[in-house]
Amino acid sequence: MLSMARTLTLLVFLPMGFMISEAQGKLFNPGIILNNVAYRVLWQAVLELEKSESGMNVSKPFYLDKEYLIMQKLSTLSNEIRESQAAMTEVLGHRVHDVVDHVSSRNRFEDRLNRISSIIKRIDRLEINMNKLLREDYAVEQLTLAQFAQVTIDLSNPISVIELLHQLEMEITGSNIGLGNYEGKDIFTQINQMASSVTCSYGLSSQQMIYLLYKSIAMTELKGYIMMQFSYMLLKTQGKGNFTTESKERRNELRTRLARTQQLLQSVMRQISSEYWRCDPERGSHRENTTYVQFTRLLQGYVENEVDMNAEETCRESCAYYQYGHEQHHCYKELYCSKQQKCAGRIYDCEYIDSDMWICPAALGSQRRYEYIEFENGEVRGRKQHCPRGTSKVDSWWRWLFWHCSYCFCLCDDAGRHSDRYISLRESVADISRNRVVTGLRFVKRRQMMHLIVQQGMLLPGGEIDNSTLEWVVANPFSHTDKGVRDGQDYHTLSYDRRAVDLDDVHVHPGYVLTGVRFRMLGAHLNLEIRMTEMNFTSGSLIDSNKSIWIGNDETVRTEIPLRYMDVPTLAPAKSIPTSTSGQYLRLGASGGRADAAQTTIPFLDAQPVVPVLPIPLAGAGLMHKSIPKYGGFIAPRVFTYDFGPHIQVPTDDWLATEEEARNVNG
């Protein structure tokens, strides 16, 4: 039995994708099957089949009638389907290994998926046989042709195409015997309940997954329909009957099934999420500048004696007195202060832990100051392990019996050359003059500067993306020290007072798509903005690029996600999960004192590309925080895939009648 993940891969990706060549004058791409114009193309193809069938010359042997339009279309459809199946399965098959790890009643659901997969594969095998019969170099006997046709349309045969399509419908709608196993749910509803728990591992948004499954089903229905009409025409040329009634009945069944499936899809699409974000990589697989990037030495644990933090070199206060914006004024008698790098910035949040301690300095070239600190009272800050540079004994002392000159554990805010604390405020945008839209996001760090950059691709009719045009819009590297570069305009410098990051989801307006992102300062908060551009869904063209609009969340009353006492994100024993909602914020800061001696700036930024495995226009972007308890987690981009729901339209009797009448007049 197929694994459930593999089965779902086959269902979603195998039967999709074919195109009638431009020389034949009709575009038939599954990416646009659900919008109004493309849906008409589907029905025009159906009507074209019937028109060609009604005009066939029954006096000619069927296998010689290769000049007929219907034969050309059938051959092209069949070949294009097969090519797209092979390519898509190769690219996507390995991405769904854990797609259903969290589904209740998993065994019953797996059985259902396997039955659907079995039906689709049976229809696919029959379609392969039909494709052989249509090859000019594949001469077959009339008996072989007749056998194929009879197997395809035999109502008494449980594996005929007619019966297989009926079985497929029952599995999709949940209307078969054994309904109780599905609890009355159609397949879209069941997958919706599963999809939200595996959004990041599957490589698609939940909404995109449902939409692609529908397209898979629609393509299978159409393949079956083509084979049945092929069989009726074949038997008609052999003088076995007229089959007009049967042919019309098959068309009505196709229309009814697709309409019912669309209605089920529409009801689910209104409920399902369109968000997509990336899971953490497997434990031990994190790589800096590949899976994550980090700010460094924004606020960092720092040991300093009270005597050095005031101009008078007194010890009259306690460590708690030095809470906000003090400096190291001296290095009294060249004590421990002479053995460590000075905090050349401001000192905050000092506390007294114990008089004496052993300090293990960090390795040369490290972003850390200390590996660990062990206090005389037994408390350890950081992870005590081998200390290659040796420990230094550091003792507080008394002055004149009255004043205790205490060593304090503080936070140093030092924007020196070792501190990566800069964020680009420059926009990253798709080239809308060349009809490019944003298809993904990621964080990168260049020359101490963090950038949020976009991937772009060419927009095609019906919301498709030309995969051959996908490319990352590379950030133009610049430094905060470059001539003409200004803080507050080109970049933002993080500091103790200006280190808040807003966590928002920003959505485009209906009829628009995402074409750019940038950061701005909203008060003292770093805030995300997106650029949206209007598009014509049918033609796949952007409308008046000069009228693109930048939007963001201007809300200033927000709740904070506290991140005190947290450990290094990459050491977490499990994968992060989202912990924020739109409208919150967090403050970048130091890791926990006990866990890490406050040596690391958290959260990290997730640097993995956030791009659905099937590129799609985006309807929004956001920043979220993901973590597990006791760990600092990651600020991660997320995207929202374009909602095809409004473009799903069920064909009406009036439209079909009008279309048939027009064809009769023109024919």
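Residues numbered from 1 in each chain as written. Predicted model: local features only at pLDDT ≥ 70, side-chain atom pairs only at ≥ 80, totals over all residues. Heavy atoms only, no water.

**A few points about the overall build of the chain**
Thinking step 1. The helix and strand tally for the chain stands at twelve helices and 31 strands.
Thinking step 2. Evaluated residue by residue, the chain yields a buried proportion of 59% over its 667 residues.
Thinking step 3. A separation of at least 24 residues holds for 73% of the contacts in the chain among residues at least 6 apart in sequence.
Thinking step 4. Total accessible area on the chain stands at roughly 28,400 Å², and carbon and sulfur atoms take up 49% of it. (Helix = DSSP H or I, 4+ residues; strand = E, 2+ residues; numbered from the N terminus. Buried < 20%, exposed > 50% of the residue type's maximum accessible area, 1.4 Å probe, protein only. Contact = heavy atoms within 4.5 Å. Areas by Shrake-Rupley, 256 points an atom, 1.4 Å probe, with all protein chains shown as cover.)

**Some points on the packing of helix α6 (residues 161-173) against helix α9 (residues 206-237)**
Thinking step 1. In the contact formed by α6 and α9, the axes pass within 10 Å of each other and the chain directions differ by 160 degrees. Classified by the angle their axes make, α6 and α9 are roughly antiparallel. Once α6 is placed against α9, the crossing between them reads as left-handed. Contacts between α6 and α9 involve Val161, Ile162, Leu165, Leu168 and Ile172 on the former and, on the latter, Ile217, Thr220, Glu221, Gly224, Tyr225, Met227, Met228 and Tyr232. (Axes fitted to C-alpha atoms, helices over the stretch in contact; angles between N-to-C directions. Parallel < 35°, antiparallel > 145°, perpendicular 65-115°, else oblique. Left-handed = near helix turned anticlockwise from the far one by under 90°.)

**A word on the side chain of Ser576**
Thinking step 1. Mapped onto the fold, Ser576 is located in the loop between β24 (559-560) and β25 (577-578).
Thinking step 2. Taking relative accessible area as the criterion, Ser576 reaches 7% and is therefore assigned buried.
Thinking step 3. Discounting residues that sit within four places of it in the chain, Ser576 has contacts with Trp277, Asp280, Lys626, Ser627, Ile628 and Phe634.

**A short note on unusual backbone geometry**
Glycine aside, residues mostly have negative phi, and peptide bonds are mostly found in the trans state.
Thinking step 1. Across the junction of Ile602 and Pro603, the peptide omega takes the value -5 degrees, indicating a cis bond.
Thinking step 2. Mapping Pro603 onto the fold places it in the loop between β28 (601-602) and β29 (604-606).
Thinking step 3. The backbone of Phe243 sits at a positive phi, close to 60 degrees, despite the residue not being glycine.
Thinking step 4. Position of Phe243 relative to the elements: it lies in the loop between α9 and α10 (244-269).
Thinking step 5. The backbone of Arg297 shows a phi angle near 50 degrees, a positive value even though the residue is not glycine.
Thinking step 6. Tracing the backbone shows Arg297 in the loop between β2 (292-293) and β3 (300-305).
Thinking step 7. Overall, Arg297 belongs to the buried group, its relative accessible area being 9%.

**A look at the nonpolar core**
Thinking step 1. Counting 140 residues, the largest nonpolar core has Ile187, Phe188 and Phe519 as the members making the most contacts within it.
Thinking step 2. Here this core takes 18 residues from α9, the largest share from any one element.
Thinking step 3. Every residue in contact with Phe188, bar those within four places of it in the chain, is listed here: Ile172, Ile210, Leu213, Tyr214, Ile217, Thr261, Leu264, Leu265 and Val268. (Core = buried A, V, L, I, M, F, W, Y, C linked by side-chain atoms within 4.5 Å.)

**Things to note about the state of the cysteines**
Thinking step 1. Taken as a whole and assessed by the stated rule, the structure comprises six disulfides.
Thinking step 2. The disulfide partner of Cys343 is Cys412, and the gap between their sulfur atoms is 2.1 Å. With the S-S bond torsion at 95 degrees, the cross-link from Cys343 to Cys412 turns out right-handed. Pair noted here: Cys343 is in the loop between β3 and β4 (346-351) and Cys412 is in strand β11 (residues 407-413), with a separation of 69 residues, a long-range link. (Disulfide = S-S within 2.5 Å.)

**Some points on the packing of aromatic side chains**
Thinking step 1. By the definition in use, this model includes 16 aromatic pairs.
Thinking step 2. Taken together, a centroid distance of 3.8 Å and an interplanar angle of 5 degrees make the contact between Tyr348 and Tyr496 stacked. Residue Tyr348 is located in strand β4, and its partner Tyr496 is located in the loop between β17 (491-493) and β18 (500-503); the two are separated by 148 residues in the primary sequence.
Thinking step 3. Here Tyr348 falls in the buried class, since its relative accessible area comes to 5%.
Thinking step 4. Under the relative-accessibility criterion, Tyr496 is labelled buried at 15%.
Thinking step 5. Among the aromatic residues, ring-to-ring pairing joins Tyr211, Phe537, Tyr642 and Phe644 into one connected group.
Thinking step 6. Positioned above the aromatic ring of Phe634 is the side chain of Lys626, whose terminal nitrogen or guanidinium carbon lies 5.8 Å from the ring centre. (Phe/Tyr/Trp six-rings, centres within 6.5 Å; stacked < 30°, edge-to-face > 60°. Lys NZ or Arg CZ within 6 Å of the ring centre and 35° of its normal.)

**Focus on the sheet that holds strand β7 (residues 380-382)**
Thinking step 1. Read across the open sheet, the four strands follow the order β7-β6-β5-β8; overall the sheet is antiparallel. Of all strands in the sheet, those bounded by a partner on one side alone are β7 and β8 (392-395). Pairwise comparison of adjacent strand axes, ignoring direction, gives a mean angle of 20 degrees for this sheet.
Thinking step 2. Pairing geometry for strand β5 (residues 356-361) and β8, over four bridges, is antiparallel. Note that in β8 the partner of Met357 across the bridge is Val394. (Pairing = 2+ DSSP bridges.)

**Some words on the sheet that holds β11**
As a general point, the strands of a sheet are linked pairwise by backbone hydrogen bonds and lie either parallel or antiparallel.
Thinking step 1. An order of β3-β11-β4 is seen for the three strands of this open sheet, with the pairing classed as antiparallel. At either end of the open sheet lies a strand with only one pairing partner, and these are β3 and β4. Each strand of the sheet is rotated relative to its neighbour by a mean of 40 degrees, with strand direction disregarded.
Thinking step 2. Both β4 and β11 contribute to a ladder of four bridges, which runs antiparallel. Within the sheet, the bridge partner assigned to Arg346 lies in β11 and is Asp413.

**Remarks on α6**
Each full turn of the α-helix corresponds to 3.6 residues, which orients residues three or four apart in the same direction.
Thinking step 1. With 13 residues, α6 ought to run about 18 Å at 1.5 Å a step, and its terminal C-alpha atoms sit 18 Å apart, in line with that.
Thinking step 2. Within the span of α6, buried status applies to Val161, Ile162, Leu164, Leu165, Leu168, Glu169, Glu171, Ile172 and Thr173.
Thinking step 3. Within two residues after α6, Gly174 carries a phi angle of roughly 80 degrees, on the positive side. (Expected span 1.5 Å × (residues − 1).)

**A closer look at the pairing of strand β26 (residues 584-587)**
Thinking step 1. Direction of pairing for β18 relative to β26: antiparallel, over a ladder of four bridges. Residue pairing in the sheet places Asp502 in a bridge with Tyr585 of β26.

**Focus: the pattern of salt bridges**
Thinking step 1. Across all of its chains, the model carries 34 salt bridges by this definition.
Thinking step 2. A salt bridge links Glu351 to Arg381; its shortest N-O distance comes to 3.0 Å. Of this pair, Glu351 sits in strand β4 while Arg381 sits in strand β7; the two residues are 30 residues apart in sequence, bridging distant segments of the chain.
Thinking step 3. On the accessibility criterion, Glu351 (33% relative accessible area) is partly exposed.
Thinking step 4. As a salt-bridge pair, Arg434 and Glu471 come within 3.5 Å of each other at their nearest N and O atoms. Taken together, the residues span a long stretch of sequence, with Arg434 in the loop between β13 (428-429) and β14 (436-446) and Glu471 in strand β16 (residues 465-472) at a distance of 37 residues.
Thinking step 5. With relative accessibility at 38%, the residue Arg434 sits in the partly exposed group.
Thinking step 6. Glu471 gets classed as partly exposed once you look at its relative accessible area, which sits at 34%.
Thinking step 7. Through salt bridges that share partners, Glu427, Arg518, Arg520, Glu529 and Asp554 make up one connected network. (Salt bridge = Lys/Arg side-chain N within 4 Å of Asp/Glu carboxyl O.)

**Structural notes on the pairing of strand β6 (residues 370-375)**
Thinking step 1. With five of six residues buried, β6 is to be regarded as a mostly interior element.
Thinking step 2. As paired strands, β5 and β6 are joined by five bridges and run antiparallel to one another. Following the sheet pairing, Pro361 is matched in β6 by Tyr370.
Thinking step 3. Relative to β7, β6 runs antiparallel, the two sharing three bridges. The residue bridging Tyr372 from the neighbouring strand is Gly382, located in β7.
Thinking step 4. What sits between the antiparallel neighbours β6 and β7 is a turn of four residues, in which Gly378 has the positive phi angle 100 degrees.

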